[in-house]
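Okay, here's what each chain looks like letter by letter:
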Amino acid sequence: MKKRVVGGVVLLLVSSLLVYLWPRQPPDDVLDRMQGILGKLEEMYDGETIFIWSYNAEPDGLDEERVKWIRSEMREAGLGRVSLSCSEHSCLSVYSIARGLHILRNYMYYKYDSGDLLEEIIVDSVEKAIEENTEIIYAFCERTEVKHWFYCENNH
């Protein structure tokens, strides 16, 4: 009897861990949702970089209703963090895909760059670039079907 109970508990723990660590695929409308989030971030932007997580928002004093709406959209889109910063020439917004423990896998995110001045290497296929990669540290982005939007992965 004890073996069955222990076996059941172990099976439950292992399956829970696998569900938690399993890659979550963003919904098909993730780019549309991110466009909406970007619009709200731009409305709140006053020259200071904005970060929004499910549990926190920086800087202090952001419009609570807009932050609440952004968090709702983030949950629906499977995003863990969003940010917006602008310089004199362009704006950059990053949308981290919520995937549990990042230390065990690549960092996956979408990026909006109005100036197309990415630090990452732009490739036709992130998946293929990772397979063919010989570098220890890498960062690749591929263009999405929407102008200025990229899907990216890196291992640092």
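Residues numbered from 1 in each chain as written. Predicted model: local features only at pLDDT ≥ 70, side-chain atom pairs only at ≥ 80, totals over all residues. Heavy atoms only, no water.

Colleague: Could you clarify how one ought to interpret the state of the cysteines in this entry?
Modeller: Each disulfide consists of one covalent bond between the sulfur atoms belonging to two cysteines. As enumerated under the stated definition, the model contains two disulfides in all. In this model, C86 is linked to C91 through a disulfide, with the two sulfur atoms separated by 2.0 Å. Looking down the S-S bond of the C86 and C91 bridge, the torsion is 105°, so its handedness is right-handed. Residue pairing for C141: its cysteine sulfur links by disulfide to C152, the two sulfurs lying 2.0 Å apart. Measuring handedness by torsion sign, the sulfur bridge of C141 and C152 sits at about 105° and is right-handed. (Disulfide = S-S within 2.5 Å.)

Colleague: Please explain the side chain of N154 as it appears in this structure.
Modeller: By the element assignment, N154 lies in strand β8 (residues 149-154). For N154, the side chain forms a polar contact with the main-chain nitrogen of H156, separated by 3.1 Å. If we skip the residues at most four places from it in the chain, N154 touches N106, Y107, Y109, Y138 and A139. (Helix = DSSP H or I, 4+ residues; strand = E, 2+ residues; numbered from the N terminus. Polar contact = N/O pair within 3.5 Å; in protein donor to acceptor, adjacent residues only side chain to side chain. Contact = heavy atoms within 4.5 Å.)

Colleague: So what exactly am I meant to see when it comes to the environment of K40 here?
Modeller: For K40, the location among the structural elements is in helix α2 (residues 30-44). Separated by 23 residues in sequence, K40 and D63 have C-alpha atoms that sit 9.9 Å apart.

Colleague: Looking at this structure, how should I read the nonpolar core?
Modeller: Side chains that are nonpolar tend, in soluble globular proteins, to be buried together. Ranked by size, the top nonpolar core spans 31 residues in total, and within it L41, I52, L79, V82 and Y95 carry the most contacts. Per-element tally for this core: the top contributor is α2, with seven residues. Among residues more than four places away in sequence, those in contact with V82 are I37, L41, I50, F51, I52, I70, M74, V94 and Y95. By size, the runner-up hydrophobic cluster in this structure holds six residues, among which are L118, C141, F150 and C152. (Core = buried A, V, L, I, M, F, W, Y, C linked by side-chain atoms within 4.5 Å. Buried < 20%, exposed > 50% of the residue type's maximum accessible area, 1.4 Å probe, protein only.)

Colleague: Where do I start with α2 in this structure?
Modeller: Residue pairs spaced three or four apart in an α-helix point in one direction, given the helix's 3.6 residues per turn. For α2, spanning 15 residues, the distance from its first C-alpha to its last is 21 Å, which sits close to the expected 21 Å at 1.5 Å a residue. Listing the buried residues of α2 in full gives V30, L31, R33, M34, I37, L38, L41 and M44. All buried residues of α2 fall inside an arc of 150° around its axis, so they share one side. Summarising the contacts, the buried residues of α2 are in contact with β1 (50-53), α3 (64-77), β3 (79-86), β4 (91-97), β5 (107-113) and β8. (Expected span 1.5 Å × (residues − 1). Arc of directions from axis to C-beta.)

Colleague: Which parts of the structure should I look at to understand the packing of α2 against α3?
Modeller: The geometry of a pair of packed helices is captured by two quantities: the angle between their axes and the separation between those axes. One way to put it is that α2 packs onto α3 with a least axis distance of 10 Å and a crossing angle of 160°. The angle between α2 and α3 places the two elements in the roughly antiparallel class. Handedness of the α2/α3 crossing: left-handed. Facing V30, R33, G36, I37, K40, L41, E43 and M44 of α2, the residues of α3 in contact are R66, V67, W69, I70, E73, M74, E76 and A77. The residue makeup of the contact of α2 with α3, split by class, is nine nonpolar, one polar and six charged. (Axes fitted to C-alpha atoms, helices over the stretch in contact; angles between N-to-C directions. Parallel < 35°, antiparallel > 145°, perpendicular 65-115°, else oblique. Left-handed = near helix turned anticlockwise from the far one by under 90°. Nonpolar A, V, L, I, M, F, W, Y, C, P; charged D, E, K, R; others polar.)

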